[in-house]
Amino acid sequence: MSLFLAYLSVQCALLSGALALFSEHRMILERAANRLAPLAGLKEWPARSERLFAAPVYPRLLQKGVFGLLALSGLAALIGGISALLGQGVTVDQLPFGLPWLHWHVRLDALSGFFLLIIGLGVIAASLYGPGYVREYRQTEHPLWLLGLCTGLFVAGMELVLLADDAFFFVIAWELMSVSSYFLVAFQHERAANRRAAFLYLLMAEIGAIAIILGFGVLAGFAHSYSFDVFRYTHLTAGWGTAAFLLALMGFGMKAGLVPLHAWLPEAHPVAPSHISALMSGVMLKVAIYGLMRFGFDLLGDVQWQWGVAVLILGTASAVLGVLYAFQQNEIKRLLAYSSIENIGIIAMGLGLSMIFLGTGHGELGVIGLLAALYHSLNHSVFKNLLFLTAGSVLHQTHEHDLEHLGGLVKRMPKTAVLALIGCLAISALPPFNGFVSEWLTFQAALQSSSLESGILRSVIPVTAAVLAFTGAMAAATFAKFYGIGFLGLPRGRHAARAREAAHPGMLAGPALLAGLCVLLGVLPTPIIRMLEPVSQLLLGQTLPSASGEGWIWLTPGSRTVASYSALLVVLGLGLAWWTARYLIGRLAVAEVRRSRPWDCGFGGLSPRTQYTSTAFSQPIRRIFAPIWAVRETIRTGGAEALENTPVHYALEVEDRSWYGLYAPAARGVEALARRVALIQTGSVRLYIAYSFFTLLLLLGVVSG
Amino acid sequence: MNVLTNHSLYEQAILFIAALVVFTSFLMLAQKRLSSLVAVFAWQGLLLAATTALCAYTQQNPHLYTSALISLVLKGFLIPWMLLRLIVKFDMHREVESLLYPTYVMTAAAALVLFSYYVVLPIEQLSALATRNAIAVSLAVVLLGMLAMVSRRQAVAHVVGFMSIENGLFFAAVAATQGMPMVVEIGIAFDVLVAAVVFGVFFFHIRESIDSLDVDRLNRLSEVDR
Amino acid sequence: MSGLIALVEPILFILAAPLLAGWTKMVKCRLQNRKAPSLLQPYRELAKLLRKQPVVAEQASWLFEAAPYIVFASAVLAAAVVPFFAVHLPTASIADVIALAGFLALGRFFLVLAGMDVGTAFGGMGSSREVTIASLSEPAMLMAIFALAMSANTTNLASAIDYVLDTGVAIRPSFVFALAGMVLVAVAETGRVPVDNPATHLELTMIHEAMVLEYSGKYLALIEWAGEIRLMLYGVLIANIFFPWGIAEDLSLASLGSGLAAILLKLFGLGALLAAAETVFAKMRLFRVQEFLGFAYLLSLLGMLSHIILEIGQ
């Protein structure tokens, strides 16, 4: 039944894409419908056909159909994923596609089910949000049929990656996902920067795919087959196993956005349409995590603790560098993209801890790390989707990318502002929302390090936990900046001052659904953990019964005396304290609130320009941690005498060091190599004939010998 | 789990003072003024003397009392006094010198402590003393002293780093074995004293020739034409 | 019975918080050779603020008026979770010490947003500085917690206190260093000298005060009270985790009474120490705070390393 729903989901996504093809070809669809309708026996077809295919109505109706099918796909994925998680079984199947001797194997187990659930949630929210958002593309003459087609292919590709049970099918689905998202990223291709970003995205996706293929190749070399089932039972030598894992880490890490392979993320995510950015950031990165988990835990099986250390170090570096870079961004979607790098780092930290415990023989402790990573994947997809969708609403209503030109939106777009606030609270890991629960679990996993034998690991893991604490506090700072500068205060520009709330109800419904989930996942962690246990049972062979051992109100990994957290009681406590404060203070303090001007030291003349700007907010951290970024500040004065009032030009560029340290030298190296190789192209005809001549001589010699 | 509570109060005190000795090594890396650097060094000597005295009590080893006394007089008072006199004579007590890359040096220092723990693990198994955990501390003090010599520019700071290396070795002897033989002990103590005197003479001459005690400026003495 | 005490404890806590602030001020004034206000002055201040009419900026939104309640509620919840004079109360297992840090972060987040809501330069400045200091103090605090948690094998406050009580008086280097780190972090987080001067009137030197510059009347009363609760919270945390002797381990009236007396005594001692420190040290420049907090992190790190190196047998 869950497999049927998964297939239904893929088919609906593909149908949605196919339907989108007809957005410019009304007549073809109308003629086809007119021919098929009498066969289906629909009454009063000609009148209905008039209404459906009328020129002004048709585009909107078609959009509704496209997004409706996409929503159906999401719903099917959601229900299928949940039933696969709860069903606790493994469903296998074979599809009659692919090579004649290697049909596509399909497998739906708890791990695929969990990530299918994540895809479903994201797709439902995006398809509720989409119709209102893409309306503006009709006026700007962007081909909506391409958007719809590629969205459908993208969603289908992601789901097929989850279902794939042999290397061949996996890579085909992976490529489908990458290439269709390239077209989505390149959708607004009028600007050169967008084209460059899309090219970088495609390039790195393909390099990652090569690494993944090589990783599968190592496994296939030992297994003499491409099917995952055979991979599972193959035994690799320690050296080759590490090589395969490193290749997979490079490939999946590149797609997930682990530092230093992350350069494409902050370029590509801001450029795509907002609901696609939400899907890419919230869902596609998780599919990469799924790949890493499938490869490391399931296919390779014999996890070494050294792999865990590598993943932990990469995760910690991604988390701290991601958040420090996010804090310096002024462009809203770039800030959210760097924040995704940070959260992927946190997920990788959980996975790394789990691998370390597993590799040193402490399987039961490894479960905590795995559950923390899974929970954070779910949480991140929910609140990152929410944040990208609300950022998209802001973009849609104000046409402003830059925080320096926003502000005051809490009064002009009140509902979007409330939803964005919930997203910011969730991502800053503040109780009682969901982000706090997964960070808490990650800390608890790190605390278990005192059971390890190696003193070195016992001291390094607390240091990474301290870095995680720093990351958490910086994330709260980043989203205080995002919300405080973007939504609060006075409007810093004309567009922000005249913004209106999003008109289409879907643009509020999608984010509202996700906001509700943020609250739900934060308040009911124990049932969610119980739901996640089949995944750890599948991958590690054990679960964490103590986590829900005290009932559904308490979350106690370990035991009640080791650590306990009760989100529901926290909410009740907060509510009680808040209500008491309001009631008591309301009785004691009866004076009416008076509105007046804010404090201006008696000078007056406060304007939106005298507010703190986004650059100013991040200045102390920029100064304290200066070596982390490549910061260039240029100040040009009018060149007049000291006491005159002249205009000053201030420019600040904060750039990614990894670009200058890693990518630019790599690009230069490739170009240098290419130039060397190009030496064989001399342009001389005689030389080309000579090449063929010598090859012929060589072959004759080889054949006769 | 914490097995510290299995030890007697005196043994706990020894381990506690050992932790304080490492702390003073870290402080020596971070001091900006030369006079406070010498003061921290004096404190390190005092703490070392206290540890030695406590070890003498718990191990019932009376000759360690003499060691403690020598430590106290030499490293707690005499050598710091000589260095302070040097600083005042050269009018350097107002000079402020900070590390070039403080965060990196501090992270390196923490990593060195961890590294010395890792290196010393097999040795700790061999010792039967209750204070064997402190062997890692002594190696850490030696390494941190060398780090101080590498990362600081003032010649006086170099001397202090060198002295703290000797402190670390002394502590290693006390913690791992039952102290060094008396003759060796006295020999080393006088060597250190002579070294301090000779350093003083050298500083005078260096100052005369290059008019500064910044050892990085000594690279002017290179024979190669730059 | 334990439920009743669990309800009474936070009420006593928040009622006693202004008293600690008053005591600290009194000691500080005496040390500086000034005439001290009465010990009950903070209560009078709160009553005065409640009576006054609140003035709110025209451009402020609903968040400005809602934030003080959330700040106060999170402080009260944190106070309910920390064992005050009795260890084995049911509320102690609602949240562990990491969740406690989360509650304080929740209050701080809303205060930071409120500072930016009015759209003035001072609010933004206070918020920006506050988030900088908060992000630098989090690793130090967590590392100190780790140093404790590795010995006690728990992050639950009641269990940690039980562990220290069970193992008796022992000089643990890890605890000493963690205590030093925690004290420095507490000074930074509660906004006392040398990190921030709570009594300053110069806006450009303010950190916490700049965020709440626009608040008046009942809103300011709630925020001031929440600040006093936070100070007492850190005091109780330090006193009860590192020196828990005297706390009530059962729920008989006699032990509850002696527990209350013990904690009040320890708090008065800590308050006097804080006042002495505020008198001796000068406020640091903002960009020296990272060295201060880096030092706190170093101390906590040394605590953790001493635990691994010195305190665990092979």
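Residues numbered from 1 in each chain as written. Chains lettered and ligands numbered in written order. Predicted model: local features only at pLDDT ≥ 70, side-chain atom pairs only at ≥ 80, totals over all residues.

## As for the interface of chain C and chain A
- Each partner contributes to the interface: chain C provides 70 residues, whereas chain A provides 69 residues.
- At the level of elements, β1 (55-57), α3 (62-81), α4 (97-117), α5 (121-152), α9 (217-242) and α11 (289-310) of chain C are the ones that each hand at least two residues to the side of chain C that touches chain A.
- Looking at which element gives the most residues to the side of chain C that touches chain A, the answer is α5 of chain C, with 17 residues.
- When its residues are assigned to classes, the side of chain C that touches chain A shows 42 nonpolar, 20 polar and eight charged. (Contact = placed C-beta atoms within 7 Å. Helix = DSSP H or I, 4+ residues; strand = E, 2+ residues; numbered from the N terminus. Nonpolar A, V, L, I, M, F, W, Y, C, P; charged D, E, K, R; others polar.)

## Quick look at the nonpolar core
- Among the nonpolar cores identified, the biggest contains 433 residues, and V185, L371 and C518 of chain A together with L113 of chain C are the most heavily contacted of them.
- A total of 19 residues in this core trace back to one element, the largest contributor, which is helix α15 (residues 363-398) of chain A. (Core = buried A, V, L, I, M, F, W, Y, C linked by C-beta atoms within 7 Å. Buried ≥ 20, exposed ≤ 12 C-beta atoms within 10 Å, placed from the backbone.)

## Structural notes on the packing of α3 of chain C against α4 of chain C
Residues and elements named next belong to chain C.
- Close contact between α3 and α4 brings their axes to 9 Å; oriented N to C, the two are set at 165°. Between α3 and α4, the angle is such that the two are roughly antiparallel. The chirality of how α3 crosses α4 is left-handed. Residues L63, F64, A67, I70, V71, S74, A75, L77, A78 and V81 of α3 touch α4, and the partners they reach there are L100, F103, L104, L106, G107, F110, L111, L113, A114 and D117.
- Across the contact of α3 with α4, the residue classes break down as 17 nonpolar, two polar and one charged. (Axes fitted to C-alpha atoms, helices over the stretch in contact; angles between N-to-C directions. Parallel < 35°, antiparallel > 145°, perpendicular 65-115°, else oblique. Left-handed = near helix turned anticlockwise from the far one by under 90°.)

## Quick word on the environment of D298 of chain A
Residue and element names in this part refer to chain A.
- With respect to the helices and strands, the residue D298 is situated in helix α12 (residues 274-300).
- Classification of D298 by C-beta neighbours within 10 Å gives partly exposed; the count is 15.
- Each C-alpha atom of the pair D298 and L111 lies 9.8 Å from the other, and the pair is 187 residues apart in sequence.
- Beyond its immediate sequence surroundings of up to four residues, D298 is in contact with R232 and L539.

## Re the pairing of strand β2 (residues 102-108) of chain A
- Buried residues dominate β2 of chain A, accounting for five of its seven residues.
- Hairpin remark: strand β1 (residues 91-99) of chain A followed by β2 of chain A, antiparallel, with two residues in the connecting loop. (Pairing = 2+ DSSP bridges.)

## Topic: the domain arrangement of chain A
- Looking at chain A, the domain boundaries give domain 1 (303-560) and domain 2 (658-705).
- Using C-alpha coordinates to define each centre, domain 1 of chain A is positioned 48 Å away from domain 2 of chain A. (Domains from an automatic or database assignment.)

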